[in-house]
Amino acid sequence: MSQQPHSHGINDGSHESHGSLKSYIIGFVLSLVLTVIPLVAVLNDMVNGNAALVVLLVTAVLQFIVQLVFFMHLREEKKPRWNLMALILGIVIVLTIVLGSVWIMEYNNIV
Amino acid sequence: MANHGNEAAAVHHGHGHDHGHEGHHDLEALRQMGFWLFLITDCILFGTLFATYIVLHHNTAGGPTASELFEMPGVIAETFILLTSSFTSGLAVLSMNRGDRKGLIGWLIVTAILGASFIGLELSEFIKMVGDGAKISTSAFLSGFFTLVGTHGLHVSVGLCWMIALMIQLSRRGITPVTRRKVNIISLYWHFLDVVWIFVFTIVYMMGVM
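If you're wondering where the values come from, they're calculated on a predicted model, not measured in any experiment.

1. Focus: the overall build of chain A
No. 1: When helices and strands are counted, chain A shows four helices and zero strands.
No. 2: Its helices and strands in sequence order give chain A the pattern α-α-α-α, from N to C terminus.
No. 3: Scored against the burial criterion, the 111 residues of chain A give a buried share of 32%.
No. 4: Intrachain contacts of chain A at a sequence separation of at least 6 include 56% that bridge at least 24 residues.
No. 5: Of the roughly 7000 Å² of accessible surface on chain A, a fraction of 70% belongs to carbon and sulfur atoms.

What follows is the structure, given as structure tokens:
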């Protein structure tokens, strides 16, 4: 196979060119900030107990969204948005497994 | 070579000469979608391991607890290393979109070095724990911990081997629609591993030492 038709194919396919340097840098800075916040807040005992749990979980979920939007380009997907639908199904299954397990096994501590 | 066979098949499936590239592009897009579905099933795998860990993490059976065991400086370093490597794998994709093969391979090398140092830190952490008597068989908490964190580490190691193979292929074949799809996929995989690590960092380490 010659290289020429391939490189032509790349130019044809470049309408999917995802992301820019700017969006990657914004995503990187946001993810650094979202890592430093829980570290500073929790390790210095600025928040405790349930408040600390909330800070940790909220920053983790925000970090997840930052990665999806700025690095994995979820928002740039063309319709129909199969990737997003598959992701939502996956999140529903994971939350069912994790929250369901925690909920059921809580009864071990009661009985 | 097998990929060349597939390319030929893809072109043959197109109805005319004009449609050949379009069909090829669709096939690569479909493969990328298939990889995304794999990542979703991998999420479910990690979901079950997280559920197991969360349920068992108080059952230390007289062994060390999370707050006694974890040493945060190493873990914090691992976290920033993996975050940075997620960013550099994105820069590799940007170089590829510009058609810059040297930049692409260069950023992949940086990503692989960061990934290897992550694995190195994690392994030395594990070895130290086992040396201190915190083995996978010590308690239910440690079984859950080593399985969850070890599975993530295994994913990173597999990603490293794959990335090295891809760099060899890129240096031999250049940026073709097939290698282009492969780079997109490995960068997706790497971001995914970073996402899983964020939850390992939060749920295992931060909540463990809290």
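2. Some points on the overall build of chain B
No. 1: Per the secondary structure count, chain B includes seven helices and zero strands.
No. 2: Order of helices (α) and strands (β) in chain B, N terminus to C terminus: α-α-α-α-α-α-α.
No. 3: Looking at the 210 residues of chain B, the share that counts as buried comes to 53%.
No. 4: Put simply, of all contacts in chain B between residues at least 6 apart along the chain, 83% involve residues at least 24 apart.
No. 5: Approximately 8800 Å² of chain B is accessible, and the part contributed by carbon and sulfur atoms is 67%.

3. Re the UniProt feature "transmembrane region" (unreviewed entry) in chain A
Residue and element names in this part refer to chain A.
No. 1: Under the present numbering, the feature "transmembrane region" (unreviewed entry) in UniProt falls on residues 21-43, 49-72 and 84-105.
No. 2: Between the first and last C-alpha atoms of residues 21-43 the distance is 33 Å; the span itself is 100% helix and 0% strand.
No. 3: Regarding residues 84-105, the helix share stands at 100% and the strand share at 0%, and the terminal C-alpha atoms are separated by 31 Å.

4. A few points about the interface of chain A and chain B
No. 1: With 49 residues of chain A in contact, the opposing surface of chain B contributes 48 residues.
No. 2: Note on chain A versus chain B: buried area summed over both sides is about 4300 Å², and carbon and sulfur give 82% of it.
No. 3: Summed over the shared surface of chain A and chain B, the number is zero salt bridges.
No. 4: Along the contact surface separating chain A from chain B lie three residue pairs in polar contact (both at pLDDT 80 or more).

5. Quick word on the pattern of salt bridges
Residue and element names in this part refer to chain B.
No. 1: Scanning the model with the defined rule gives five salt bridges over all chains in all.
No. 2: One salt bridge connects glutamate 71 with lysine 128, and the closest N-O pair in it is separated by 3.1 Å. Here the residue glutamate 71 occupies a position in the loop between helix H3 (66-69) and helix H4 (72-97), and lysine 128 occupies one in helix H5 (residues 101-131), the gap between them amounting to 57 residues.
No. 3: Overall, glutamate 71 belongs to the partly exposed group, its relative accessible area being 46%.
No. 4: Aspartate 100 is the partner of arginine 98 in a salt bridge, and the nearest nitrogen-oxygen pair spans 3.7 Å.
No. 5: On the accessibility criterion, aspartate 100 (28% relative accessible area) is partly exposed.
No. 6: Salt bridges here are not isolated pairs; linked through shared partners, they connect Glu28, Arg31 and Arg181.

6. Concerning the packing of H4 of chain B against H5 of chain B
Residues and elements named next belong to chain B.
No. 1: Axis separation between H4 and H5 bottoms out at 8 Å; the angle between their running directions is 165°. Overall, the two elements H4 and H5 adopt an arrangement that is roughly antiparallel. Every pair of crossing elements has a handedness; the one defined by H4 and H5 is left-handed.
No. 2: Within the contact of H4 with H5, the residues separate by chemical class into 14 nonpolar, nine polar and three charged.

The rules behind each value
- Residues numbered from 1 in each chain as written.
- Chains lettered and ligands numbered in written order.
- Predicted model: local features only at pLDDT ≥ 70, side-chain atom pairs only at ≥ 80, totals over all residues.
- Heavy atoms only, no water.
- Helix = DSSP H or I, 4+ residues; strand = E, 2+ residues; numbered from the N terminus.
- Buried < 20%, exposed > 50% of the residue type's maximum accessible area, 1.4 Å probe, protein only.
- Contact = heavy atoms within 4.5 Å.
- Areas by Shrake-Rupley, 256 points an atom, 1.4 Å probe, with all protein chains shown as cover.
- UniProt positions renumbered as here; feature names shortened; annotations may be inferred.
- Buried area = accessible area lost by both parts, 1.4 Å probe.
- Salt bridge = Lys/Arg side-chain N within 4 Å of Asp/Glu carboxyl O.
- Polar contact = N/O pair within 3.5 Å; in protein donor to acceptor, adjacent residues only side chain to side chain.
- Axes fitted to C-alpha atoms, helices over the stretch in contact; angles between N-to-C directions.
- Parallel < 35°, antiparallel > 145°, perpendicular 65-115°, else oblique.
- Left-handed = near helix turned anticlockwise from the far one by under 90°.
- Nonpolar A, V, L, I, M, F, W, Y, C, P; charged D, E, K, R; others polar.

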